[in-house]
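# Observations on the model geometry
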Amino acid sequence: MQSKTPRGAYVFSLAGSVIILVSAIIEFVFSAVFTFIPFIGLLGIPIVILSIIGIIIGVVALVLSAKLGGLTNESMVHAIGAVLLIISIISFFTALMGGFIIGFLLLLIGSIMALTWKP
C-alpha cells in the first residue's frame, strides 16, 4: 500500500538537512575563531563566507524538507525534490563536504525518493 505523503523522502531529507546545518554551524564557529589569529586571519575569510552560504543552504533545505512531510500533491513533491537535489549538490561544496558526507548522502537519497514518489 502506497503512502499518501512521501514519508521516506521526508525522513531522509530532514535528517540530511539537520546534519548539513549542524556541520555548517560547526564550520562557521571554527573558521570565525581562526580569523582572529594573526597571519592566518586572511586565509579564514573565504571559509567564513563558505560556511555562511552553508548555513543558508542548510536552513533552506530544512524548511523544504519539513514542508515535504505534509504534501500530498505529486507535482509539488517532485518540484521540492528537484530543488533538494540541487541543494544537496551545492551543500557538498559549502558545508564541510555536505555535512561530513553523511548529510549530503541522506539529502541526496531523500530528494531522489521525492522525485520518484507516486501517491
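Look a little higher up for the structure.
Residues numbered from 1 in each chain as written. Predicted model: local features only at pLDDT ≥ 70, side-chain atom pairs only at ≥ 80, totals over all residues. Heavy atoms only, no water.

## Section: unusual backbone geometry
Within the chain, Phe 100 stands out as a residue other than glycine whose phi angle is a positive 60°. Residue placement: Phe 100 occurs in helix H4 (residues 96–100). Positioned with a positive phi, Ile 101 is a non-glycine residue whose angle comes to about 70°. Looking at the element boundaries, Ile 101 is found in the loop between H4 and helix H5 (102–115). For Ile 101, a relative accessible area of 35% corresponds to the partly exposed category. (Helix = DSSP H or I, 4+ residues; strand = E, 2+ residues; numbered from the N terminus. Buried < 20%, exposed > 50% of the residue type's maximum accessible area, 1.4 Å probe, protein only.)

## A few points about the packing of aromatic side chains
Counted according to the given criterion, the structure contains two aromatic pairs. Each ring, one from Phe 92 and one from Phe 93, has its centre 5.5 Å from the other, and the planes form 85°; the classification is edge-to-face. The exposure class assigned to Phe 92 is partly exposed, which follows from its relative accessible area of 27%. Centroid distance Phe 92 to Phe 104: 5.0 Å. Interplanar angle 50°. Geometry classified as tilted. (Phe/Tyr/Trp six-rings, centres within 6.5 Å; stacked < 30°, edge-to-face > 60°.)

## Concerning a nonpolar patch on the surface
Where nonpolar side chains cluster on the molecular surface, the patch consists of Val 18, Val 22, Ile 26, Phe 30, Phe 34, Ile 37, Leu 96 and Phe 100 and spans about 670 Å² of accessible area. Broken down by secondary-structure element, the contributors of at least two residues to the nonpolar patch are helix H1 (7–34) and H4. Broken down by element, the nonpolar patch gets its largest block of residues, five residues, from H1. What makes Phe 34 partly exposed here is its relative accessible area of 42%. (Patch = residues over 30% accessible without salt bridge, like charges linked within 9 Å, V, L, I, M, F, W, Y side chains within 5 Å. Areas by Shrake-Rupley, 256 points an atom, 1.4 Å probe, with all protein chains shown as cover. Salt bridge = Lys/Arg side-chain N within 4 Å of Asp/Glu carboxyl O.)

Keep in mind these values describe shape, not function.
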